[in-house]
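Descriptive analysis of the structure
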Amino acid sequence: MPGGPVSRFWKAPGLRPLWIAGGISNAMLWLEVLAAALFTLQVTKSGFDVALVSAARSLPLLIAGAFMGVISDATNRKRIVVAGLLVSAGSAGTVGMLAAWGMLRPWQIAIAALVSGFVYATEMPARRRMVAESAGPSFALRAVAVDSMASYATRCAGPLLGGLAYQYVGLAGAFLLSAALNISMAILVSTIHYRQELMRRLSLTSALRDLRDGLSFAVKRRTLALLLGITILTNLFGYSYSTLLTPIGKLILGLSPVMIGVLAAAEPAGSLLAGIFVALKPLPGHPLRWLAGGATTLFLGLVMASLLGRLPHALIPMLIVFGLGGIGSAVYNIHQTTIVMTETPPAFRSRVMGLVTVCIGCWPLGMIAAGALITPFGLLGALAALGVGGLAGMAILASVTRKRRIA
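Let me begin by describing the structure that accompanies this report. (Residues numbered from 1 in each chain as written. Predicted model: local features only at pLDDT ≥ 70, side-chain atom pairs only at ≥ 80, totals over all residues. Heavy atoms only, no water.)

Quick word on the overall build of the chain
Convention followed: Labels follow the DSSP assignment, with helices taken as runs of H or I lasting at least four residues and strands as runs of E lasting at least two, numbered in each case from the N terminus. Partly exposed residues are those whose accessible area sits between 20% and 50% of the maximum for their type, while under 20% is buried and over 50% is exposed, using a 1.4 Å probe and protein chains only. Contact between two residues is taken to exist if any of their heavy atoms lie within 4.5 Å; hydrogens are not considered. Each accessible area is a Shrake-Rupley estimate made with a 1.4 Å probe; only the visible protein chains count as cover when residues are assessed.
Broken down by element type, the chain carries 15 helices and 0 strands. For the chain, with 407 residues in total, the buried portion stands at 55%. Counted over contacts in the chain with a minimum sequence separation of 6, partners at least 24 positions apart contribute 87%. Carbon and sulfur atoms form 70% of the exposed surface of the chain, whose accessible area is close to 18,000 Å².

Shown next, in the form of structure tokens:
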């Protein structure tokens, strides 16, 4: 009905601009990731170099992820989001201009990726928190759920756009497009009327203390200990597979940049479909079982994809398997947040979320490891090694926690 709760939700001040800005900027992030990987592979012919450049973008999650929440509590979050979009635009614009002048080198892309990675580390504590605050207490969970679906969609659209842009306008065109859109999103967010009610004093030492207290709390509880362990395994052995996709697509499957984008979009496409289903019909049973099951499905998908990649006409079967792995990825991600909310008292939630962020920060270490595995095992062997390593880690984690009988 007009003016009803649903109408008020969609018309909440600032909500739609924040969704649009988040969707566009995240799509440009994944566009840059694929375009940078294609350029690095073209110049160096090295899968390990591709891994290093890709890891640079996610390294700030490990370095600074735990402190971004503290910074966002002490600084106006709207200013953080606008400044981050402008920094991303400047970074992408610099890469685009260097490419247009023929002066670009892979190490310069890695530096630009590192800068953009620090902006990416502010995504959850700044922009997504603004989404929840703009929706209000009654609609906060729904607003974040919609934002999560948009995140899956941009992870799917970004590689497709990256492949198209690289093939038809080159690296310079791809990064200059990213710069222009990020500037547009900064202007859009700057128009939002936002008031931050509570401002805490900036103290990085308190962040370290919160991490210590959160770790002490979490390791004594079986569900939270398993959550942290599975999060480490999934980022070390699961999501790090993405750095292998460009060399696999180019050197083994012989794909064009556009089709490499399609290959990279398969897993997030599966995540998007699964996320919509779970949002409409929550899965029954304990979230920990779904968390572990989702991670295991992703690991199995990597092993299967490595086997299928050795067959003639492997693209379609690999797309299907990566899509199935994406379903597992979505189930894992959704229940990761659910476990923190249901198993942690309010006083410890921010501390446990800080720990989860640190565990997610293992992702770049996994990317570097994936690149190092190429020399002894080959590209498909490295993909298989990631999947097998994840499955072995899950088995060890289950055995250790069962023996210790963590409460």
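Remarks on empty space enclosed by the protein
Put simply, the rule is: A pocket here means an open set of points on a 1 Å grid, computed over the protein atoms alone, that has protein on both sides within 12 Å along at least five of seven lines. A cavity is instead a set of points where a 1.4 Å probe fits but cannot get out; residues with an atom within 4 Å of a point line either one. Grid points are joined across faces, edges and corners, and a volume is the space filled by probe spheres set on the points. Asp, Glu, Lys and Arg are counted as charged, while Ala, Val, Leu, Ile, Met, Phe, Trp, Tyr, Cys and Pro are counted as nonpolar; the rest, among them Gly, fall into the polar class.
For the coordinates displayed, the defined rule picks out 3 cavities of 30 Å³ or more. What the largest cavity holds in volume is close to 260 Å³. Along the wall of the largest cavity there are 20 residues; nearest its centre are S25, L85, S88, V119 and E123. Looking at the lining of the largest cavity, the elements that each hand over two or more residues are α2 (15-44), α4 (77-100), α5 (106-120) and α6 (123-135). Among the elements that make up the lining of the largest cavity, the one with the highest residue count is α2 (7 residues). Here the second largest cavity defines a volume of roughly 50 Å³. Residue lining of the second largest cavity: E32, V33, A36, A37, V53, S54, R57, I109 and A113, and that is the complete set. Only α2, α3 (47-74) and α5 provide two or more residues apiece to the lining of the second largest cavity. Tallying contributions element by element places α2 first for the lining of the second largest cavity, with 4 residues. In terms of residue class, the lining of the second largest cavity is made up of 6 nonpolar, 1 polar and 2 charged.

Some words on the pattern of salt bridges
One side chain can pair with another of opposite charge once the charged atoms of both are near each other. To keep things clear, this is the line we draw: Basic side-chain nitrogens of Lys or Arg form a salt bridge, by our definition, when they fall within 4 Å of a carboxyl oxygen of Asp or Glu.
The tally for this structure, following the rule as stated, stands at 2 salt bridges. Residue R57 is joined to E32 by a salt bridge in which the shortest nitrogen-to-oxygen separation is 3.2 Å. With R57 in helix α3 and E32 in helix α2, this residue pair connects regions lying 25 residues apart in the sequence. Assigned by exposure class, R57 and E32 land together as buried. Notably, a salt bridge pairs E267 with R155, separated by 2.7 Å at the nearest N-O pair. Separated by 112 residues along the polypeptide, E267 in helix α11 (residues 257-280) and R155 in helix α7 (residues 140-190) bring together distant segments of the chain. When its relative accessible area of 2% is taken as the criterion, E267 is described as buried.

Quick notes on a nonpolar patch on the surface
Keep this limit in mind: Patch membership requires over 30% relative accessible area and the absence of a salt bridge. Like charges are linked within 9 Å, and nonpolar side chains (Val, Leu, Ile, Met, Phe, Trp, Tyr) within 5 Å.
Residues V87, W107, I111 and V115 make up a contiguous nonpolar surface patch of roughly 380 Å² in combined accessible area. Mapped onto the elements, V87 comes out in helix α4.

Taken by themselves, the reported measurements are silent on function.
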